[in-house]
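Results of the structural survey
These are the residues of each chain, in order.
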Number of protein chains: 2
Amino acid sequence: MATAVDTEWSEHALATLQAAGLRRGGARVVVVEALAGHDCAVSPLQLDEEVPEVGRASVYRTLDQLEELGLIKRIELTPGVAAFERVEVSGHHHHHAVCRNCGRTEAFEDKALEREISRLAKQASFEITEHDVVLRGLCPRCAG
Amino acid sequence: MATAVDTEWSEHALATLQAAGLRRGGARVVVVEALAGHDCAVSPLQLDEEVPEVGRASVYRTLDQLEELGLIKRIELTPGVAAFERVEVSGHHHHHAVCRNCGRTEAFEDKALEREISRLAKQASFEITEHDVVLRGLCPRCAG
DNA sequence: ATGACTGCAAAGCCTTTGCACGCAA
DNA sequence: TTGCGTGCAAAGGCTTTGCAGTCAT
């Protein structure tokens, strides 16, 4: 998980937007690049603070479009607060543990878990395309 | 999974509320009984419609208290819409598949999945007490 | 030139809060 | 009797929508 800006993703995202017939508008590009700098979930309002030059409505509109195109994924780690994460082209992804006291999160990956989930996805009557796993409890600091 | 009212749960819930020093107020009892009649997630507004005699604020307040006491669990199946489910004393529970087109949900249980999750919970640095798994995709009807 | 894109401000929705009355204990 | 519990209405917070000007193509 790189801490640097994910240029591979942002280029892919901008290309996909373009392929979908959307213009490379200023606000759109700025939001995509802001997202490229986050390795984990960001809320729309956080993002809006990071890019004061972009109107809040445009941040929300861009997030909608990116989600629609499968470039980002929506998750809700804290009740009532939406958050978005990049979807890597590789399919590589992680899940989260969230502290119910302070909201701190920890990301984790697990192959065995993914295997069970693919198995379930296949046996479900739905055509499953994504999944979320969230573990909740107390972080080391809050558990004292 | 019974389709009848879960009186075991509602009695346990009312007893727990009482043990927590809360009074057996009219609105509280009505909301608990309404919850006892749902086997899967219900939203606060749905619940409020079912019990017109109870003020909306009381529905929300009661849900907060029940969640606080671990008698119900909050999940978000649809973006921006909270939903609550009873927590069975037995610990027995299910997860959900949600249609991203029509919102229809399907509940499922899986022992192997639960095993993987307990394993992860143990190895995490957090003290994990609960977890959610949501599968998303298209239901048979929407997948056509 | 043309219509998509943007920012701003207003409107919407769900949820929470304030307050005075009513009821459980 | 006491103060918790409740309903109503107002306030809050996040998100969406309308509209007129601007910019990408």
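Note: the structure precedes this text.
A brief look at the structure comes next.

How each quantity is defined
In every chain, residue numbers begin from 1 and rise along the written sequence. To read the labels, note that chains go from A and ligands from 1, taken in the order they are written. Two thresholds apply to this predicted model, a pLDDT of at least 70 for residue-level local features and 80 or more for giving and counting side-chain atom pairs, whereas whole-chain, interface and lining totals are computed over all residues. The basis for every side-chain value is the complete set of non-hydrogen atoms in the structure, without hydrogens or water. Here a helix means four or more residues in a row that DSSP labels H or I, a strand means two or more in a row labelled E, and each is numbered from the N terminus. Note on exposure labels: buried denotes an accessible area under 20% of the residue type's maximum, exposed denotes more than 50%, and partly exposed covers the range between, all computed with a 1.4 Å probe on protein chains only. Whether two residues are in contact is decided by their heavy atoms: any pair within 4.5 Å suffices. Nearness here has a simple test: a residue counts as near a molecule or strand if at least one of its heavy atoms is within 4 Å of that partner. Polar contacts here mean pairs of N or O atoms no more than 3.5 Å apart (in protein, one a potential hydrogen donor and the other a potential acceptor; neighbouring residues in sequence count only if both atoms are side-chain atoms). In this count, Pro and Cys sit with the nonpolar residues alongside Ala, Val, Leu, Ile, Met, Phe, Trp and Tyr, while Asp, Glu, Lys and Arg are called charged and the others, Gly among them, polar. Least-squares superposition aligns the copies on the C-alpha atoms of those residues with pLDDT at or above 70 in both. Two parts placed together each lose some accessible area under a 1.4 Å probe, and adding up what both lose gives the buried area. Any Lys or Arg side-chain nitrogen located within 4 Å of an Asp or Glu carboxyl oxygen qualifies as a salt bridge. Residue types Ala, Val, Leu, Ile, Met, Phe, Trp, Tyr and Cys, when buried and joined through side-chain atoms within 4.5 Å, form a set referred to as a nonpolar core.

The secondary structure content of chain A amounts to six helices and five strands. Projected onto the principal axes, the alpha-carbon positions of chain A cover approximately 45 × 40 × 30 Å. For chain A, with 144 residues in total, the buried portion stands at 44%. Contacts in chain A between residues far apart in sequence, at least 24 positions, make up 52% of those at least 6 positions apart.

Next up on the list: the side chain of A:Ser43. Along the chain, A:Ser43 turns up in the loop between α2 (26-36) and α3 (44-50). Once you skip the residues sitting within four places of it in the chain, A:Ser43 turns out to touch A:Val81, A:Ala82 and A:Ala83.

A word on the protein's contact with DNA strand D. In the vicinity of DNA strand D there are 21 residues, among which A:Tyr60, B:Arg23, B:Arg28, B:Ser58 and B:Arg61 approach most closely. Residue A:Arg23 places a side-chain N or O atom 3.2 Å away from a base nitrogen belonging to DNA strand D. One nitrogen or oxygen atom from the main chain of B:Gly55 is found 3.0 Å from a phosphate oxygen belonging to DNA strand D. For the surface near DNA strand D, the secondary-structure elements that each account for two or more residues are α3 and α4 (56-68) of chain A together with α2 (26-36) and α4 (56-68) of chain B. Looking at which element gives the most residues to the surface near DNA strand D, the answer is α4(A), with four residues. Tallied by class, residues from the surface near DNA strand D come to nine nonpolar, four polar and eight charged.

All right, on to the relation of the copies chain A and chain B then. Superposition record for chain A on chain B: RMSD 0.1 Å, screw rotation 180 degrees, translation along axis 0.0 Å. Each copy turns onto its partner about a two-fold axis. Residue A:Val133, judged by its C-alpha, is the member of chain A lying nearest the rotation axis, at 2.3 Å.

This part takes up the interface of chain A and chain B. Taken residue by residue, the interface counts 38 residues in chain A and 38 residues in chain B. Roughly 3,100 Å² is buried in total at the junction of chain A and chain B, and carbon and sulfur atoms are behind 58% of that figure. Looking only at chain A, the three residues that lose the most surface to chain B are A:Phe126, A:Leu135 and A:Arg136, adding up to 21% of its buried area. At the junction of chain A with chain B, the criterion picks out four salt bridges. In this structure, A:Arg119 and B:Asp110 form a salt bridge, with 2.8 Å as the shortest nitrogen-oxygen distance.

Within the element layout of this structure, A:Ser10 appears in helix α1 (residues 7-19). Ignoring any residue separated from it by four or fewer positions in sequence, one finds A:Ser10 in contact with A:Val32 and A:Ala36.

Buried together is how nonpolar side chains tend to be arranged in soluble globular proteins. If you look at the biggest cluster of nonpolar residues, it comprises 27 residues, and the most contacted ones within it are A:Leu113, A:Ile128, A:Leu135, B:Leu113 and B:Leu135. Secondary structure elements with two or more residues in this core: β3 (95-99), α5 (111-123) and β5 (127-138) of chain A together with β3 (95-99), α5 (111-123) and β5 (127-138) of chain B. Residue contacts for B:Leu135: discarding those within four places in its chain leaves A:Ile117, A:Leu120, A:Ile128, A:Glu130, A:His131, B:His96, B:Ala97, B:Val98 and B:Phe108.

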